[in-house]
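Residue-level structure breakdown
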Amino acid sequence: MNNWHDRYKEMKSSLNLTNADISDIIGNTPDSVKSTTQPNKDLPRWLKLAIVVYERMSGGKKEN
């Protein structure tokens with residue numbers, strides 16, 4: 001299984017999202033999104049939920 005960061009990158013790429021797009025959705029700055037999603041940090045729980053929902057809705061993984 002890919003790690004959370006790989007799964008995040010896949011979701012972001014598949015949905016053609018940029019940090020600016022995500023920041024508009026969540027109400028933060030693009031730099032805040034970049035800082036929050038650095039590979040050396042654990043992803044926030046809300047983002048893990050978004051990844052799992054994306055994967056399930058797209059017919060992908062069913063596991064956490």
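These numbers come from a predicted model, not from an experiment.

1. A few points about the overall build of the protein chain
Within the protein chain one finds four helices and zero strands. Walking the protein chain from its N terminus toward its C terminus, one meets helices and strands in the order α-α-α-α. Against the 2.2 N^0.38 benchmark of 11 Å for 64 residues, the protein chain shows a C-alpha radius of gyration of 11 Å, consistent with a compact globule. Along the first, second and third principal axes, the C-alpha atoms of the protein chain reach 30 × 25 × 15 Å. A total of 64 residues make up the protein chain; the buried ones form 30% of that total. For the protein chain, the accessible area works out to roughly 4500 Å², and carbon and sulfur atoms hold 51% of it. On the protein chain, the mean spot of the 10 positive side-chain charges and the mean spot of the 8 negative ones are 5 Å from each other.

2. Quick word on the environment of Val53
Residue placement: Val53 occurs in helix H4 (residues 45-57). The exposure class of Val53 is partly exposed, given its relative accessible area of 41%. Each C-alpha atom of the pair Val53 and Ser23 lies 19 Å from the other, and the pair is 30 residues apart in sequence.

3. Section: unusual backbone geometry
In this model, Asn16 sits at a positive phi of 55 degrees, which is unusual for a non-glycine residue. Mapped onto the elements, Asn16 comes out in the loop between helix H1 (4-14) and helix H2 (19-26).

4. Regarding a nonpolar patch on the surface
Nonpolar side chains collect at one region of the surface, where Ile25, Ile26 and Trp46 lie side by side and expose about 320 Å² of accessible area between them. Positionally, Trp46 belongs in helix H4.

About the criteria used
- Residues numbered from 1 in each chain as written.
- Predicted model: local features only at pLDDT ≥ 70, side-chain atom pairs only at ≥ 80, totals over all residues.
- Heavy atoms only, no water.
- Helix = DSSP H or I, 4+ residues; strand = E, 2+ residues; numbered from the N terminus.
- Rg over C-alpha atoms; globule rule 2.2 N^0.38 Å.
- Buried < 20%, exposed > 50% of the residue type's maximum accessible area, 1.4 Å probe, protein only.
- Areas by Shrake-Rupley, 256 points an atom, 1.4 Å probe, with all protein chains shown as cover.
- Lys, Arg positive; Asp, Glu negative; His and termini not counted.
- Charge placed at Lys NZ, Arg CZ, Asp CG, Glu CD.
- Patch = residues over 30% accessible without salt bridge, like charges linked within 9 Å, V, L, I, M, F, W, Y side chains within 5 Å.
- Salt bridge = Lys/Arg side-chain N within 4 Å of Asp/Glu carboxyl O.

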